[in-house]
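An overview of the molecular structure
The residues making up each chain are set out below.
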Amino acid sequence: MTATSSTSDIEAVEPNTYRPLLPAPLRRPAIVIILLALLLLAVLASRYAHQEAAGTLDRALDTSIRIRLHGEQGLTGALISFVYPPRSVIALAAVTGVGALARRWSGVALTLGGTLSAVVITEVLLKPLIGRLRYGHLTFPSGHTTAVTAIAIAMLILLIGARRPQIGRAHV
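Residues numbered from 1 in each chain as written. Predicted model: local features only at pLDDT ≥ 70, side-chain atom pairs only at ≥ 80, totals over all residues. Heavy atoms only, no water.

1. Side note on the overall build of the protein
Of regular secondary structure, the protein possesses six helices and two strands. Each of the 172 residues in the protein was classed as buried or not, and the buried ones make up 20%. Residue pairs in contact within the protein that sit at least 24 positions apart in sequence constitute 67% of those at least 6 positions apart. Carbon and sulfur atoms make up 70% of the accessible area of the protein, which totals about 12600 Å². (Helix = DSSP H or I, 4+ residues; strand = E, 2+ residues; numbered from the N terminus. Buried < 20%, exposed > 50% of the residue type's maximum accessible area, 1.4 Å probe, protein only. Contact = heavy atoms within 4.5 Å. Areas by Shrake-Rupley, 256 points an atom, 1.4 Å probe, with all protein chains shown as cover.)

2. Some words on the nonpolar core
L21, L22, A91, L92, V95, I151, I157 and L158 together form the largest nonpolar core, which totals eight residues. Those elements that provide at least two residues to this core are α4 (85-101) and α6 (143-160). Residues in contact with L22, not counting those within four places in the same chain, are R27, A30, I157 and I160. (Core = buried A, V, L, I, M, F, W, Y, C linked by side-chain atoms within 4.5 Å.)

3. Remarks on a nonpolar patch on the surface
Together, I31, I34, L35 and L38 give the surface a local cluster of nonpolar side chains, amounting to about 410 Å² of exposed area. Along the chain, I34 turns up in helix α1 (residues 24-48). (Patch = residues over 30% accessible without salt bridge, like charges linked within 9 Å, V, L, I, M, F, W, Y side chains within 5 Å. Salt bridge = Lys/Arg side-chain N within 4 Å of Asp/Glu carboxyl O.)

4. Regarding the pattern of salt bridges
Pairing between side chains becomes possible if they bear opposite charge and their charged atoms approach one another. Under the defined criterion, the tally for this structure stands at one salt bridge. Residue E123 is joined to K127 by a salt bridge in which the shortest nitrogen-to-oxygen separation is 3.1 Å. Residue E123 and its partner K127 are located together in helix α5 (residues 105-130), separated by four residues, close to a single helical turn. On the basis of relative accessibility, which here comes to 34%, the residue E123 falls in the partly exposed class.

5. Observations concerning α1
Taking 1.5 Å of rise per residue, the 25 residues of α1 would be expected to cover 36 Å, and the 37 Å separating its terminal C-alpha atoms lies within 8% of that figure. Downstream of α1 by a residue or two, H50 has a phi angle that is positive, lying close to 60°. (Expected span 1.5 Å × (residues − 1).)

6. Digging into the packing of aromatic side chains
Taken as a whole and judged by the stated rule, the model has zero aromatic pairs. One residue, R47, lies across the ring of Y48, its end atom 5.0 Å from the ring centre. (Phe/Tyr/Trp six-rings, centres within 6.5 Å; stacked < 30°, edge-to-face > 60°. Lys NZ or Arg CZ within 6 Å of the ring centre and 35° of its normal.)

7. Quick look at the side chain of R132
Considering the arrangement of structural elements, one finds R132 in the loop between α5 and β1 (133-134). Those residues in contact with R132 that sit more than four places away from it in its chain are Y48, H50, Q51, A53, A54, G55, D58, H137, L138, T139 and F140.

8. Section: the packing of α4 against α6
Where α4 contacts α6, the two axes come as close as 10 Å, and the packing angle between them is 20°. Between α4 and α6, the interaxial angle falls into the category roughly parallel. For the pair α4 and α6, the sense of crossing is left-handed. In this structure, α4 contributes P85, S88, A91, L92, V95 and G99 to the contact, and α6 contributes H144, V148, I151, M155 and L158. In the contact of α4 with α6, the residues fall into eight nonpolar, three polar and no charged. (Axes fitted to C-alpha atoms, helices over the stretch in contact; angles between N-to-C directions. Parallel < 35°, antiparallel > 145°, perpendicular 65-115°, else oblique. Left-handed = near helix turned anticlockwise from the far one by under 90°. Nonpolar A, V, L, I, M, F, W, Y, C, P; charged D, E, K, R; others polar.)

9. Looking at the side chain of K127
Since its relative accessible area comes to 9%, K127 is described here as buried. A distance of 3.1 Å separates a polar atom in the side chain of K127 from a polar atom in the side chain of E123. Setting aside residues up to four positions removed in sequence, K127 forms contacts with T122, L138, T139, F140, P141, S142 and G143. (Polar contact = N/O pair within 3.5 Å; in protein donor to acceptor, adjacent residues only side chain to side chain.)

So, in structure tokens, the structure goes:
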């Protein structure tokens, strides 16, 4: 007697098979988050366009963040340190390298292409369009923050889509 198994009993794992970066149930929430972020950017841009002085929102957020993080200077310094370009480049290389090691080529493309595109759009299009100056320089939206955020989002997407080991499941 020969034992046969149906395709539903076998989990085929092809190392070079394309897998979407985000599982299907998370795609719609991701689109909603992107749209809300764009709406927030538009509201802030219209509110602070062509201004040089800090606004009420700036002062309130700055004060709140300083009070909440007062005892966490080490953590604050560590987070802020990633905003500087040399450290951002190291973080970009690390996330890209991990994506390449995992053979998630779409993740590598997202990390590199997404980060570079976001920074170029911020620096070339949005900053001149919004025109917010601080000390004579265009400052909103922040190119540094854009880069770090793009890298963090790419890393999060790669982690969400990572395969987890199947512990305790026997395949025959």
